[in-house]
Amino acid sequence: MKPGSILAILTCIFLYSFCAQKDPKEMVNVSGTEAKKEFFIVPGGDEAVDSSLVKKGEVLVAYSDCYQCHKEESKAKGPSFSDIAKRYPVQEVYLDLLARKIISGGSGTWGYPVMSAHPKLNPEDAKAMAAFVLSIEKK
């Protein structure tokens, strides 16, 4: 067997085993629908985030269009900020990921809704906004 084939098989096995594991403790019921919808929670611990970054993010979110599609505690067009905070641990990698999603927009992570892009937002401000969103459950 070729080394590339072995790698492909191992990758498939890893992805299958990762996706097939649904620990009930890592699944959260998303309210607001009759049918039970659940989403995957990314495992990992929280890292410390500068409180001034979170405060800056709170101000930026308040003056942006975020609340047109998101609410802090309940689902609207998009997921609630508290559901986003439940999904992702407060870690540098997820702050960067969410900052990129805020800037470039996205779809598919939370189902059908499409998040509009915010290309004029600079990466530092988007990261502050992500820090605020991920801190909501930790308040």
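Residues numbered from 1 in each chain as written. Predicted model: local features only at pLDDT ≥ 70, side-chain atom pairs only at ≥ 80, totals over all residues. Heavy atoms only, no water.

## Overview of the overall build of the protein
Right, so step 1: Summing up its helical and strand segments, the protein has five helices and four strands in all.
Right, so step 2: Looking at the protein as a whole, 32% of its 139 residues qualify as buried.
Right, so step 3: Partitioning the intrachain contacts of the protein with sequence separation of at least 6 by distance along the chain shows that 56% fall at a separation of at least 24.
Right, so step 4: Summing over all exposed atoms, the protein offers an accessible surface of approximately 9,200 Å²; the carbon and sulfur share of this is 61%. (Helix = DSSP H or I, 4+ residues; strand = E, 2+ residues; numbered from the N terminus. Buried < 20%, exposed > 50% of the residue type's maximum accessible area, 1.4 Å probe, protein only. Contact = heavy atoms within 4.5 Å. Areas by Shrake-Rupley, 256 points an atom, 1.4 Å probe, with all protein chains shown as cover.)

## Observations regarding the packing of helix α2 (residues 51–62) against helix α5 (residues 123–135)
Right, so step 1: It is at 7 Å that the axes of α2 and α5 come closest, and there the two elements cross at 100 degrees. As summarised for this structure, α2 and α5 are arranged roughly perpendicular, according to the angle between their axes. Taken together, the residues of α5 that come into contact with α2 (itself represented by L53, V54, K56, G57, E58, L60 and V61) are D125, A128, M129, A131, F132 and S135.
Right, so step 2: A class-by-class count of the residues in the contact of α2 with α5 yields eight nonpolar, two polar and three charged. (Axes fitted to C-alpha atoms, helices over the stretch in contact; angles between N-to-C directions. Parallel < 35°, antiparallel > 145°, perpendicular 65-115°, else oblique. Nonpolar A, V, L, I, M, F, W, Y, C, P; charged D, E, K, R; others polar.)

## Observations concerning the nonpolar core
Right, so step 1: V61, F81, I84, Y88, L98, F132 and L134 are the most contacted members of the largest nonpolar core, which totals 22 residues.
Right, so step 2: Those elements giving two or more residues to this core turn out to be α2, α3 (81–87), α4 (92–104) and α5.
Right, so step 3: In terms of residue count, the dominant contributor to this core is α5 (seven residues).
Right, so step 4: With residues near it in sequence (within four places) discarded, I84 still touches H70, P79, L98, W110, V133 and L134. (Core = buried A, V, L, I, M, F, W, Y, C linked by side-chain atoms within 4.5 Å.)

## Let's talk about α2
Right, so step 1: Compared with an ideal rise of 1.5 Å per residue, which puts twelve residues at 16 Å, α2 spans 17 Å between its outermost C-alpha atoms and is within 8% of the ideal.
Right, so step 2: Those residues of α2 that fall on the buried side of the exposure criterion are V54, G57 and V61. Taken around the axis of α2, the buried residues stretch over an arc of 60 degrees, which confines them to a single face.
Right, so step 3: Buried residues along α2 sit in contact with α3 and α5. (Expected span 1.5 Å × (residues − 1). Arc of directions from axis to C-beta.)

## Describing the packing of α4 against α5
Right, so step 1: The N-to-C vectors of α4 and α5 enclose an angle of 115 degrees; their axes lie 8 Å apart at closest approach. Judged by the sense of rotation from one axis to the other, the crossing of α4 with α5 is right-handed. On the side of α4, the interface is formed by E92, L95, D96, L98, A99, I102 and I103, while α5 contributes P123, A126, K127, M129, A130, A131 and L134.
Right, so step 2: Looking at the contact of α4 with α5 residue by residue, the class counts come to eleven nonpolar, no polar and three charged. (Left-handed = near helix turned anticlockwise from the far one by under 90°.)

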